[in-house]
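# Breakdown of the fold
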Amino acid sequence: MSSRPGRLSGTLRRPEAITHSHPRPLPTPTRPIVSPLQNLLPSAPASPPTPAPSPTPQIHRLPTWSTASENEDAFLRDARPHFSRLDSQERQRFLAEILNLCDSQQLSFVLNYVSPRLKKDPFKSLPNELCLRVISFIDDPKTLARASQVSKHWHGLLSDDLTWKKLCEKHSYRRLSGTAGYSMSNQPHHHDSALFSTNPISPKESTFAHALSSTSGFTSEISPQNMRAKRRRPKVTSYKSHFKQRYMVETAWRTGGKAIARHITPDQGVVTSLHLTPEYIVIALDNAKIHVFDADGQLLRTLTGHVMGVWAMVPWGNTLVSGGCDRDVRVWDMEKGECKAILRGHTSTVRCLKMSDHKTAISGSRDTTLRIWNIEKGVCLNVLVGHQASVRCLEIHGDLVVSGSYDTTAKVWSISKGTCLRTLSGHFSQIYAIAFDGNRIATGSLDTSVRIWDPHTGNCLAVLQGHTSLVGQLQMRGNTLVTGGSDGSVRVWSLEKYACVHRLAAHDNSVTSLQFDETRIVSGGSDGRVKVWDLRTGQLVRELSSPADAVWRVAFEEEKAVILASRATRTIMEVFSFSPPADSLGEFYRAPRATSEEPAGAMDSDQDAAMDEDGISCEMET
């Protein structure tokens, strides 16, 4: 007879497999029982472990008809219609009698044969609303990626954008804007926030295809992929595609990334300022030079004009305002590389600069004054007098500007009125850093403390103590404050409880640069290391780049980090990219694997194309 895989005979025994099993006798008083406690006695040797029996998958295989006799088939031909004529109770009794004749091996076969046929797809039995409710409790993207490949039905459910929106919220993946999250340029140089190999990437390990030279004397290396025309990134049109993009970027920050540019200056220079904008990377040095790079780290031009070191600068679009030891404030067009205006009035070094709008700049100087400039007309609108020593730092929010001085006080000024509204007194030594979000002011001082102030009343809300040396780095974001000190530590504070959340032993020497966003802290120190920390847990995620002699400045966006460091008496700039490959963003979903109900060719090309547009593949598992 021919083979018949669909026969009901799958539950009957093969003739050659029939065995007569004898029940194992129970222990009786005449058969002594060895207690397992005997092995626990000190004098008893330890008995070796007994290995588990090897699995025998042969008993779970479907029966074959290759050895069936003709009589067996004839019997089944008569038994099948007989069984079909029985009612429910009669069928149960018939099956019970058959099963009573089976030994344990055959019952195991029946169990494995029947169990898959009793399983049901819950997502086909439940309404879609309940299915989506169940899916909403899954916060592991790998699980969702695997589940989407079970069947077309599962894939359709997991294509619901509300599921991915909730997952974005759980992972704090904010919706991307066209500028990739770049914040306003009025952030301090060490607070700028525009927004992968397991080991840190060293310059020697990175390979570059091109070496560029310029009149500025830079030795430049750019990775080949950045010399070609940029591939356009697929537009983020759904929370699903947005989650995929953000997940890949976060994974790259933890374990990947690549160095896309490296520049070496011909001389030693201290980097005084670093700014990232959507279009430019701008650095200023104490040798009077300002270097302008494009967003990928290719040197565009060097701005020359200052006579001595540049100690402050701030970009706004294509405009750059800078100041330094020559006491001048210069306005530059970065696109053309031209100096548009020279603003004179300060009588000592310009130490800090900020812009309140596209035409208004505010400078603070060692001459103890602040000046408000109209950079379009090139005139000084107001001179803010009141500090008794050098103005070291300032921050702007709306019409208010807050300045910190070496006279140990901070002052709140009105930009429109040009007057001092209140003085914040309490520190015992010079103020080196300041942060201001409109509702709270944070000041860091040489007296090792951080003070929180109310800008509207001038009251001191809290004194945060813990650092043992100068607090020179501050950044405030929402209810979180992160501080860095000359003691090498980084501290995360809650501004709701005014308490320290994390104490990070970050560096062996001073923290020279500090920035954080919703998920990570990046710190640089004079010990030559750049470290990435998890903001929520305070754990070290990784080190970026190889150790240097000293790190001058670090700034990062969501998909890029720039490091300015000193190596072998040379100043080096390294640009790291954490962007996902362009090809991966266009192929988010692989086609679902074939299942028993849906063969591999069941999906047409249109459906496959739709998956590739905005899905999320198992690449997330790697």
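Residues numbered from 1 in each chain as written. Predicted model: local features only at pLDDT ≥ 70, side-chain atom pairs only at ≥ 80, totals over all residues. Heavy atoms only, no water.

## Considerations on the UniProt feature "repeat: WD" (unreviewed entry) in the protein chain
In this structure's numbering, the residues bearing the UniProt feature "repeat: WD" (unreviewed entry) are residues 317-342, 343-383, 384-423, 424-463, 464-503 and 504-543. As a span, residues 317-342 carries 0% helix and 62% strand, and end to end its C-alpha atoms are 19 Å apart. Annotated as 0% helix and 60% strand, the span residues 384-423 places its first and last C-alpha atoms 13 Å apart. (UniProt positions renumbered as here; feature names shortened; annotations may be inferred. Helix = DSSP H or I, 4+ residues; strand = E, 2+ residues; numbered from the N terminus.)

## Comments concerning the sheet that holds strand β6 (residues 290-294)
The 4 strands lie next to each other as β4-β5-β6-β7, forming an open sheet whose pairing is antiparallel. Looking along the sheet, the strands with just one partner apiece sit at the ends: β4 (271-276) and β7 (299-303). Each neighbouring strand pair of the sheet contributes to a mean axis angle of 15°, computed without reference to strand direction. The pairing of β6 with β7 spans 4 bridges and is classified as antiparallel. Bridged to Phe293 within β7 is Leu299. (Pairing = 2+ DSSP bridges. Axes fitted to C-alpha atoms, helices over the stretch in contact; angles between N-to-C directions.)

## Concerning the packing of helix α8 (residues 161-170) against helix α9 (residues 239-255)
Taken N-terminus to C-terminus, the directions of α8 and α9 make an angle of 35°; their axes are 8 Å apart at the nearest point. Taken as a pair, α8 and α9 cross one another with a handedness that is left-handed. Each of Asp161, Trp164, Lys165, Leu167 and Cys168 in α8 lies in contact with α9, whose residues at this interface are Tyr239, Lys240, His242 and Phe243. (Left-handed = near helix turned anticlockwise from the far one by under 90°. Contact = heavy atoms within 4.5 Å.)

## Re the sheet that holds strand β8 (residues 310-316)
With antiparallel pairing, the 4 strands of this open sheet are ordered in space as β8-β9-β10-β11. The open sheet has two free edges, formed respectively by β8 and β11 (338-343), since each of these has just one partner strand. Direction aside, neighbouring strands of the sheet carry axes that sit 20° apart on average. Across 5 bridges, strand β10 (residues 329-333) lies against β11 in antiparallel orientation. Paired with Asp333 across the two strands is Glu338, which belongs to β11.

## Examining unusual backbone geometry
In this structure, Tyr498 is a non-glycine residue whose phi angle is positive, near 55°. You can see Tyr498 is positioned in the loop between β26 (489-494) and β27 (499-505). One non-glycine residue, Ser545, adopts positive backbone phi at about 60°. Position of Ser545 among the secondary structure elements: in the loop between β31 (540-544) and β32 (550-556). Ser545 gets classed as buried once you look at its relative accessible area, which sits at 3%. (Buried < 20%, exposed > 50% of the residue type's maximum accessible area, 1.4 Å probe, protein only.)

## Considerations on the environment of Asn112
With respect to the element layout, Asn112 can be found in helix α3 (residues 104-118). Residue classification places Asn112 among the partly exposed positions, given a relative accessible area of 36%. A polar contact of 2.7 Å, which involves the side chain of Asn112, links it to the backbone oxygen of Ser108. (Polar contact = N/O pair within 3.5 Å; in protein donor to acceptor, adjacent residues only side chain to side chain.)

## Quick look at the pattern of salt bridges
In this structure the tally under the stated criterion is 10 salt bridges. Across the pair Arg477 and Glu518 runs a salt bridge whose closest N-O atoms are separated by 3.7 Å. With Arg477 in strand β24 (residues 471-477) and Glu518 in the loop between β28 (511-516) and β29 (520-525), this residue pair connects regions lying 41 residues apart in the sequence. One salt bridge connects Glu543 with Arg529, and the closest N-O pair in it is separated by 3.1 Å. Here Glu543 is found in strand β31, whereas its partner Arg529 is found in the loop between β29 and β30 (530-534), with 14 residues between them in sequence. Taken together, the shared-partner salt bridges connect Arg246, Glu250, Asp517, Arg520 and Glu558 into one network. (Salt bridge = Lys/Arg side-chain N within 4 Å of Asp/Glu carboxyl O.)

## A look at a nonpolar patch on the surface
A cluster of nonpolar side chains, namely Phe94, Leu95, Ile98, Leu99, Leu101 and Leu107, defines an oily patch on the protein surface of about 480 Å² accessible area. In terms of residues, the nonpolar patch owes the most to one element, helix α2 (residues 88-100), which gives 4 residues. Structurally, Leu101 can be placed in the loop between α2 and α3. Its relative accessible area of 58% is what places Leu101 among the exposed residues. (Patch = residues over 30% accessible without salt bridge, like charges linked within 9 Å, V, L, I, M, F, W, Y side chains within 5 Å. Areas by Shrake-Rupley, 256 points an atom, 1.4 Å probe, with all protein chains shown as cover.)

## Quick look at the confidence of the model for the protein chain
When pLDDT is averaged along the protein chain, the result is 78; 73% of the residues meet or exceed 70. Low pLDDT, under 50, characterises residues 25-45; the stretch is placed with 4 contacts to residues that sit more than four places away or in other chains. Under a pLDDT of 50 for its full length, residues 177-216 has, in the predicted model, 130 contacts with residues more than four places off or in other chains. (pLDDT = per-residue confidence, 0-100.)

## Points about the pairing of strand β15 (residues 379-384)
Summarising the sheet, strand β14 (residues 370-374) and β15 pair through 5 bridges and their orientation is antiparallel. Across the sheet, the residue bridging to Leu370 is Leu384, located in β15.

## With respect to the side chain of His507
By secondary structure assignment, the location of His507 is in the loop between β27 and β28. Reaching out from His507, the side chain makes a polar contact with the side chain of Asp527 at a distance of 3.2 Å.

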